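Analysis of the macromolecular model
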Amino acid sequence: MLSPRGVTRARQLLPLRLWPRRSWGDGSIMASMQKRLQKELLALQNDPPPGMTLNEKSVQNSITQWIVDMEGAPGTLYEGEKFQLLFKFSSRYPFDSPQVMFTGENIPVHPHVYSNGHICLSILTEDWSPALSVQSVCLSIISMLSSCKEKRRPPDNSFYVRTCNKNPKKTKWWYHDDTC
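Read on for an overview of the structure. (Residues numbered from 1 in each chain as written. Predicted model: local features only at pLDDT ≥ 70, side-chain atom pairs only at ≥ 80, totals over all residues. Heavy atoms only, no water.)

**Points about the sheet that holds strand β2 (residues 65–71)**
With antiparallel pairing, four strands are arranged side by side in an open sheet as β1-β2-β3-β4. Each having just a single partner strand, β1 (52–54) and β4 (99–103) make up the two edges of the open sheet. When strand polarity is set aside, the average angle formed by the axes of neighbouring strands in this sheet is 25°. Note: strand β3 (residues 82–88) against β4, five bridges, orientation antiparallel. Looking across to β4, one finds that Lys88 is bridged to Gln99. (Pairing = 2+ DSSP bridges. Helix = DSSP H or I, 4+ residues; strand = E, 2+ residues; numbered from the N terminus. Axes fitted to C-alpha atoms, helices over the stretch in contact; angles between N-to-C directions.)

What follows is the structure, given as structure tokens:
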């Protein structure tokens, strides 16, 4: 664990515009969220999960939206494939889960990933806990992809993509299949 002095020193290595000093409506919640995101950003930069790297450009203008570049794990159906995960954090983070979805040109074909990038994964909604982190979400997604035995879309993909909200957190997911 880094001491407060170490965090300050490490934070100075990042562009200063990442850490704007603004006046927010509820300063204590916003300050808590910013402090937590700074800590997780540093952890992701210094010790990313295997196959994951933070897209540094994505955090230059806002600490509340990150893109994580991901490569499929060796020995899996997704080996060598490149994906991008979009993380959006609300002012209630970490008490509220981040919005996480695949983005970009290559969305993995997987039974729990819709063609619009939405991910059906319980820790992104009802099983979220403030004890979880960006790193643990990344590890869960790597694990989900790595355990897949057949590349296919969810059976309701077409209907869901036509009718869903743009925010996957507004979906009432039905977690019934943990076989892949």
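**Topic: the nonpolar core**
Grouped together as the largest cluster of nonpolar side chains are 36 residues, with contacts concentrated most on Trp66, Met70, Leu85, Phe87, Phe102, Ile119 and Ile141. Those elements giving two or more residues to this core turn out to be α2 (27–46), β1, β2, β3, β4 and α3 (134–146). Element by element, the count of residues in this core is highest for α3, at seven residues. (Core = buried A, V, L, I, M, F, W, Y, C linked by side-chain atoms within 4.5 Å. Buried < 20%, exposed > 50% of the residue type's maximum accessible area, 1.4 Å probe, protein only.)

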